[in-house]
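# Remarks on the overall topology
The residues making up each chain are set out below.
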Amino acid sequence: MYPILGIDYGTARIGCAIADAVTHIPLPHATIQVKTKEDALLRLTRLIADEKIATVVIGLPLGQDGAETP
């Protein structure tokens, strides 16, 4: 089975964690500094290809009150 990439998307940084598809235990992998949207997408695309990611999960940014945050 192939790994799962978890993405914590932000306008300044994108946090990436990779979980093994068998154990489902995510471990921090990289923090991508967002310079431009194009650069961020290119770096994510490379990460997905290099790590042979089969599934991507994107987190929903919620504040402590449950409301969406930027």
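How each quantity is defined
- Residues numbered from 1 in each chain as written.
- Predicted model: local features only at pLDDT ≥ 70, side-chain atom pairs only at ≥ 80, totals over all residues.
- Heavy atoms only, no water.
- pLDDT = per-residue confidence, 0-100.
- Helix = DSSP H or I, 4+ residues; strand = E, 2+ residues; numbered from the N terminus.
- Pairing = 2+ DSSP bridges.
- Axes fitted to C-alpha atoms, helices over the stretch in contact; angles between N-to-C directions.
- Buried < 20%, exposed > 50% of the residue type's maximum accessible area, 1.4 Å probe, protein only.
- Contact = heavy atoms within 4.5 Å.

This part covers the confidence of the model for the protein chain. Model confidence for the protein chain is summarised by a mean pLDDT of 91, while 99% of its residues fall at 70 or above. Mean pLDDT across the secondary structure elements of the protein chain bottoms out at strand S1 (residues 4-9), with 93, and peaks at helix H1 (residues 37-50), with 96.

On to the sheet that holds strand S4 (residues 55-58), then. Neighbouring strands of a sheet are bound in pairs by backbone hydrogen bonds; such pairs are parallel or else antiparallel. Strand order in the open sheet formed by four strands is S3-S2-S1-S4, and the pairing between neighbours is mixed. Edge positions in the sheet fall to strand S3 (26-33) and S4, since each of these pairs with one other strand and no more. Mean inter-strand twist for the sheet, computed between neighbouring axes without regard to direction, equals 25°. Across four bridges, the pairing between S1 and S4 is parallel. The partner of Leu5 across the bridge, within S4, is Val56.

Backbone geometry places His24, a non-glycine residue, at a positive phi of 60°. By the element assignment, His24 lies in the loop between strand S2 (13-19) and S3. Even without a glycine there, the phi angle at Lys52 is positive, about 55°. Inspection of the secondary structure puts Lys52 in the loop between H1 and S4. By relative accessible area, which is 54% here, Lys52 ends up exposed.

This part is about the environment of Thr31. Among the structural elements, Thr31 can be located in strand S3. Classification of Thr31 by relative accessible area gives partly exposed; the value is 49%. Residues Thr31 and Ala17 lie 14 residues apart in sequence; the distance between their C-alpha atoms is 8.9 Å. Once residues lying within four places of it in the same chain are set aside, the contact partners of Thr31 are Arg13 and Ile14.

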